[in-house]
Protein chains: 4
Amino acid sequence: MRKQMITISVIGGSRISPKVERLAQLVGQMIAQLGCVFVCGGLGGAMEAAAKGAKTAGGMTIGILPGKDKKEANSYIDIALPTSIGYARNTIVACSADIIVALPGSFGTNSEICYGLVYGRPVIDLGNWGHEGMIPARNVVDAQEKIKKLIKKLQKA
Amino acid sequence: MRKQMITISVIGGSRISPKVERLAQLVGQMIAQLGCVFVCGGLGGAMEAAAKGAKTAGGMTIGILPGKDKKEANSYIDIALPTSIGYARNTIVACSADIIVALPGSFGTNSEICYGLVYGRPVIDLGNWGHEGMIPARNVVDAQEKIKKLIKKLQKA
Amino acid sequence: MRKQMITISVIGGSRISPKVERLAQLVGQMIAQLGCVFVCGGLGGAMEAAAKGAKTAGGMTIGILPGKDKKEANSYIDIALPTSIGYARNTIVACSADIIVALPGSFGTNSEICYGLVYGRPVIDLGNWGHEGMIPARNVVDAQEKIKKLIKKLQKA
Amino acid sequence: MRKQMITISVIGGSRISPKVERLAQLVGQMIAQLGCVFVCGGLGGAMEAAAKGAKTAGGMTIGILPGKDKKEANSYIDIALPTSIGYARNTIVACSADIIVALPGSFGTNSEICYGLVYGRPVIDLGNWGHEGMIPARNVVDAQEKIKKLIKKLQKA
C-alpha cells in the first residue's frame, strides 16, 4: 500500500479572468476535499486562486517558486519551496505531480502541460488546451470524477 | 558592435518523417550559411538531420544534451554539452538561442517553443504549430528571409 | 506574522556509518519536535535515517528526488517531489530550506552546503565541514539551540 | 576516433586578486593552445581573465550564463549561452566539461568542484582546494602536463 501522499499540481495563467478565478478556486477546494496535497507554482492568478480554494477547504498547499525568496509566494501557501531556477521551475511543478490539472493560461502553463506529458503524468484539461494525450474534462465535477479514478489507480500501484 | 556569435536553436521531434528530415537538413545548412552557431538538443531525429545540414555546410554545431555522457550526442555535433538535467535541458536549448526555428515535433518540441516564448526569443514556425507569438514561415527560404532581418536587429542591439 | 511553515533541509551522505545514522535520526526527530517541515533529497543513508527520525516523531517529511519516479523515495517520505533533473536537484534541496543541517557526507553533500551558502541560507555544521560561513554545532542539543534562535528570527521577519 | 571537440571548464571566483587574474589568464591561454574549447560561467573575475587568455591566444570561448540576457557575458565570450536558471547553471558548467580547472574562489567555485566530482569529471586543482578526488597541480605548466595526458585518454575513448 502506498503511504506517500498524492500530489496534484494546478497550473494556469498568472493573469486570469474572474471566471477562471472561480474555476481555480473550486479546483483547489476539490483537491483538498479529496485529501491530496495541492502543488502549484506559488505565485498569483490561477495559482493563488486555487491555493486559496485548497487552503479554505483545509488542505495543505505547496508552492514551488521561481525565485529564492519565500516572500514571493502568495498568501495561501503553507510550504514555500524556492528554487532559484526561474521559469525552469515549471518542469518541477509538472514532474512532482501525480496528477496535473490545467486551467486556462499562456506559454508558461503550456510549458507545464508539455512537461507533464513528457514525464508521463496524467493531465486533466480544464482549459480547452486540446493537446493530444490530455484528459479532457467538461467542468470541475467531471474533473473530480476523473481524478478519483486516477487516485484509485495510484493507490493500488 | 556585437562581437558574440549568433546562436540559432533548431527544435523538432526525435522521430520524424523523411520529409521533415529533409526540411531539418536544409534548415541546418541555412544556419551555417548565415554564419550562425547551430544549437540543438544533441540527439536524433530533427536534431541530427539539422546538425548534419549545418555540419556539411561548414558550420559549427552545439548539442545541449539531457544526460551526462557526451557519447549520447549525434555524430554531427562538434561541441557536446551534457547537462545531466534530463528533459529540463529543453529550457536551456530555448533560452540559449538568439533565434529558435521550430520544426514538427511532439511535447518536447512544444515545451521548447513555450520556453522560447516565455524567455522572449523569436520563434520561427516551420511546423504549423500556430502558437500566438510565433513567426510563421512558409518554407526554408521564407524562414531565411525572416532570420536575416532578425540577425540585422541583433547586430545593431 | 509569518504563516508559512518553516522548512529545514537535512543533507548528508547516502552511505553512512551507524554513528552518523543515529545522529541523522536524532536530527530528524528534533526537527519534527520543533514543528518544522523536514526536507531532504529523499533517498537513502542520512536522508533516510533523518526522515525516519522526523516521521516517528510525528513530523511531515518532504523528499526532493533526482529522478522522475516517486518510488525511489525512502519509505519515510510523506510528500515525494520528483524533479527529473538528477543531482542538480541538490541546488533545490538547499534553496528551499529556511535552515540547512549538514551531516557528514561526500561531494553531493558538499555541493548542497555550497549552494546553501550561495543562496544565503544558514547552514548548521554537524559534520565537521568547517566551511567559512557555516554555523558550527557540537552536537544535536547545540544544533537545536541554534535552530531555535534562527526560527525566532524567521518568525519575526 | 572522437570527432567532438574537447571542452575544458575554468572555474574560479568572481572577485579575485591580481595574482589569480594572471593565473587565470595563463590557464585560458593554455587551453586555447591545446586546441580545446574554453568553457566558463561567462561573468567576471576568474571567468573573464581566463576567457581573455583563451581569446587572445586564438581560442573559442563559451560562457554558460546564469541569467537570460547575453549582455551579461564578459567581453571575451564568443558564444554566450544564457540559461535563466541562476546559480544552478554551475551544475552545467561542471557537467559540460571533459576536464575542469579549478582556480581560487568561493562557495560558487566550490559547488562547481563538487559537481565535477559528482559527475565524474577530472578536476585539476590550481587553487589549493585539496578535496579528495581532485588532481593537484603545482602551477600552470604542471596543470598543462596533466591535461595533455587526460586529453590523450579522451581521444582514445
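Residues numbered from 1 in each chain as written. Chains lettered and ligands numbered in written order. Predicted model: local features only at pLDDT ≥ 70, side-chain atom pairs only at ≥ 80, totals over all residues. Heavy atoms only, no water.

### Considerations on the pairing of strand E3 (residues 61-65) of chain A
Residues and elements named next belong to chain A.
Line of reasoning, step 1. Across the five residues that make up E3, a large majority, five, are buried.
Line of reasoning, step 2. Residues Thr61, Gly63 and Leu65 point to one face of E3 and Ile62 and Ile64 to the other, with burial holding for every one of them.
Line of reasoning, step 3. Where strand E2 (residues 37-40) and E3 come together, three bridges link them in parallel fashion. Paired with Val39 across the bridge in E3 is Ile62.
Line of reasoning, step 4. The pairing of E3 with strand E4 (residues 79-82) spans four bridges and is parallel. For Ile62, the partnering residue across the bridge sits in E4 and is Ile79. (Buried < 20%, exposed > 50% of the residue type's maximum accessible area, 1.4 Å probe, protein only. Helix = DSSP H or I, 4+ residues; strand = E, 2+ residues; numbered from the N terminus. Pairing = 2+ DSSP bridges.)

### Regarding the side chain of Thr61 of chain A
Residue and element names in this part refer to chain A.
Line of reasoning, step 1. With respect to the helices, strands and loops of the structure, Thr61 is situated in strand E3.
Line of reasoning, step 2. At 2.6 Å, the side chain of Thr61 and the backbone oxygen of Tyr76 are in polar contact.
Line of reasoning, step 3. Here Thr61 is in contact with Phe38, Ala51, Ala54, Lys55, Tyr76, Ile77, Asp78 and Ile79, once residues within four sequence places are set aside. (Polar contact = N/O pair within 3.5 Å; in protein donor to acceptor, adjacent residues only side chain to side chain. Contact = heavy atoms within 4.5 Å.)

### Things to note about the confidence of the model for chain A
Line of reasoning, step 1. Looking at chain A as a whole, its pLDDT mean stands at 97, while 99% of the residues score no less than 70.
Line of reasoning, step 2. For this predicted complex, the interface score ipTM comes out at 0.97, while the overall pTM is 0.97. (pLDDT = per-residue confidence, 0-100.)

### Some thoughts on the sheet that holds E3 of chain A
Strand pairing in a sheet relies on backbone hydrogen bonds. The paired strands run either parallel or antiparallel.
Residue and element names in this part refer to chain A.
Line of reasoning, step 1. On the basis of which strands lie adjacent, the open sheet formed by seven strands has the order E4-E3-E2-E1-E5-E6-E7 and parallel pairing. Of all strands in the sheet, those bounded by a partner on one side alone are E4 and strand E7 (135-136).
Line of reasoning, step 2. Helix H5 (residues 140-156) rests against strand E1 (7-11), strand E5 (99-102), strand E6 (123-125) and E7 of the sheet, and its axis sits at about 165° to E5. (Axes fitted to C-alpha atoms, helices over the stretch in contact; angles between N-to-C directions.)

### Observations regarding the interface of chain A and chain D
Line of reasoning, step 1. Contact with chain A, which involves four residues of that partner, is made by four residues of chain D.
Line of reasoning, step 2. Buried area between chain A and chain D, summed over both chains or domains, comes out near 200 Å², and the portion from carbon and sulfur atoms is 61%.
Line of reasoning, step 3. Counting the surface chain A buries against chain D, the share from its top three residues, Ser84, Ile85 and Ala88 of chain A, is 91%.
Line of reasoning, step 4. Inspection of the chain A/chain D interface yields zero salt bridges.
Line of reasoning, step 5. Run the count over chain A and chain D and you get zero residue pairs in polar contact (both at pLDDT 80 or more).
Line of reasoning, step 6. Residue composition of the side of chain A that touches chain D, by class: two nonpolar, two polar and no charged. (Buried area = accessible area lost by both parts, 1.4 Å probe. Salt bridge = Lys/Arg side-chain N within 4 Å of Asp/Glu carboxyl O. Nonpolar A, V, L, I, M, F, W, Y, C, P; charged D, E, K, R; others polar.)

### A few points about the sheet that holds strand E1 (residues 7-11) of chain C
All names here are of chain C.
Line of reasoning, step 1. An order of E4-E3-E2-E1-E5-E6-E7 is seen for the seven strands of this open sheet, with the pairing classed as parallel. Among the strands making up the open sheet, the edge pair consists of strand E4 (79-82) and strand E7 (135-136).
Line of reasoning, step 2. Sitting on the sheet, helix H5 (residues 140-156) touches E1, strand E5 (99-102), strand E6 (123-125) and E7, and the angle it makes with E5 is about 165°.

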